There are 2 protein chains.
Amino acid sequence: MSFPEALSRHCPRFQIAIELVGRRWNGVILLALARGATRYGELRDDVPGLSERLLAQRLRELEEAGVVAREVTPTTPVQIRYTLTESGAALVEAMRPLMAWADQWAALPADQSAT
Amino acid sequence: MSFPEALSRHCPRFQIAIELVGRRWNGVILLALARGATRYGELRDDVPGLSERLLAQRLRELEEAGVVAREVTPTTPVQIRYTLTESGAALVEAMRPLMAWADQWAALPADQSAT
């Protein structure tokens, strides 16, 4: 397989992956799950600034992308747990080098720089 | 440093990194440079489908982000070489795990799947 072929084959999937982790809040939610948060309330508390509505929407999108699993235990009240799937855990590991790169190299606009 | 603090400190940089590699064509251009393409014409040939105008624009953006260096040799005609900076080479390495994840896990819409 030549280089351009390899690229055009990789590209759409890479674009999907980038859009998944790049979508605002998704990276942070995935990291909270990787850290062990499983309940809706824990996720909400772990991600300051994220509205309940947006958290619910992002969790649904992550579930549709196959990276988050939602388990319902039919107690009263119902218990809902969110966990990373195998694919989701692999995605968090795959994000880490880019986070490390960002931490070392990415330049912030002047008004956001740490003092 | 608590978890939310760590996140809010990491987040804007990570977002910048994600937007940089996620911007259409940038990943492919960085990979072509990593593979050893240095001339404008080589880059153009390595990235089918990318217009000259967009290649020039992306190279300028990547240069501004500090990941690509542009060297001008004042011969006649002028020679221009594009190379990855240290930061750019590190970025390509940091992209690879996400590319591998995408290759293994990202689901394509049905009409784009390989047969």
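In the annotation of an unreviewed UniProt entry, the entry for chain A reads DNA-binding HxlR family transcriptional regulator, and the organism field reads Nonomuraea dietziae.

A. Representation of the interface of chain B and chain A. Of the residues lining the interface, 41 residues belong to chain B; the matching set on chain A comes to 41 residues. Buried surface at the junction of chain B and chain A, both sides included, amounts to about 4,000 Å², of which 76% is carbon and sulfur. Linking chain B to chain A there are six residue pairs in polar contact (both at pLDDT 80 or more). Among the secondary structure elements, those contributing two or more residues to the side of chain B that touches chain A are helix H1 (3–22), helix H2 (26–34) and helix H5 (86–105) of chain B. With 15 residues, H1(B) is the largest single contributor of residues to the side of chain B that touches chain A. When grouped by side-chain class, the residues that make up the side of chain B that touches chain A number 30 nonpolar, five polar and six charged.

B. Molecular detail of the relation of the copies chain B and chain A. After a rotation of 180° and a shift along the axis of 0.0 Å, chain B superposes on chain A with an RMSD of 0.0 Å. Those values place the two copies in the arrangement expected of a two-fold rotation axis. For chain B, the smallest separation between a C-alpha atom and the rotation axis is recorded for Ile18(B), amounting to 3.4 Å.

C. Spatial organisation of the environment of Ala37(A). Residue and element names in this part refer to chain A. Within the secondary structure layout, Ala37 lies in the loop between helix H2 (26–34) and helix H3 (40–46). Linking Ala37 and Thr83, residues 46 residues apart in sequence, is a C-alpha distance of 8.0 Å. With residues near it in sequence (within four places) discarded, Ala37 still touches Ala32, Glu42, Leu43, Asp46 and Tyr82.

D. Just the packing of aromatic side chains, in detail. Considering all chains together, one arrives at zero aromatic pairs over all chains under this definition. Over the ring of Trp25(A) we find Arg24(A), and its NZ or CZ is 4.8 Å from the ring centre.

E. The packing of H2(B) against helix H4 (residues 52–64) of chain B, seen in detail. Residue and element names in this part refer to chain B. Where H2 meets H4, the axes come as close as 11 Å, and the angle between the chain directions of the two elements is 75°. The pairing of H2 with H4 is recorded here as roughly perpendicular in orientation. Two secondary-structure elements touch here, H2 through Asn26, Ile29 and Leu30 and H4 through Leu55, Arg58, Leu59 and Leu62. Here the contact of H2 with H4 is built from residues that sort into five nonpolar, one polar and one charged.

F. Quick look at the side chain of Thr38(B). If you trace the backbone, Thr38(B) turns up in the loop between H2 and helix H3 (40–46). Not counting the four nearest positions on each side in its chain, Thr38(B) is found in contact with Ile80(B), Arg81(B), Tyr82(B) and Thr83(B).

G. Layout of the nonpolar core. One finds Leu30(A), Val68(A), Leu98(A), Trp101(A), Leu30(B), Leu98(B) and Trp101(B) to be the most contacted residues of the largest nonpolar core, which totals 63 residues. Those residues in contact with Trp101(B) that lie beyond four places of it in its chain are Ala17(A), Leu20(A), Val67(A), Ser87(A), Ala90(A), Leu91(A), Ala94(A) and Ala106(B).

Each value, and the rule that gives it
Residues numbered from 1 in each chain as written. Chains lettered and ligands numbered in written order. Predicted model: local features only at pLDDT ≥ 70, side-chain atom pairs only at ≥ 80, totals over all residues. Heavy atoms only, no water. Contact = heavy atoms within 4.5 Å. Buried area = accessible area lost by both parts, 1.4 Å probe. Polar contact = N/O pair within 3.5 Å; in protein donor to acceptor, adjacent residues only side chain to side chain. Helix = DSSP H or I, 4+ residues; strand = E, 2+ residues; numbered from the N terminus. Nonpolar A, V, L, I, M, F, W, Y, C, P; charged D, E, K, R; others polar. Least-squares fit on C-alpha atoms with pLDDT ≥ 70 in both. Phe/Tyr/Trp six-rings, centres within 6.5 Å; stacked < 30°, edge-to-face > 60°. Lys NZ or Arg CZ within 6 Å of the ring centre and 35° of its normal. Axes fitted to C-alpha atoms, helices over the stretch in contact; angles between N-to-C directions. Parallel < 35°, antiparallel > 145°, perpendicular 65-115°, else oblique. Core = buried A, V, L, I, M, F, W, Y, C linked by side-chain atoms within 4.5 Å. Buried < 20%, exposed > 50% of the residue type's maximum accessible area, 1.4 Å probe, protein only.

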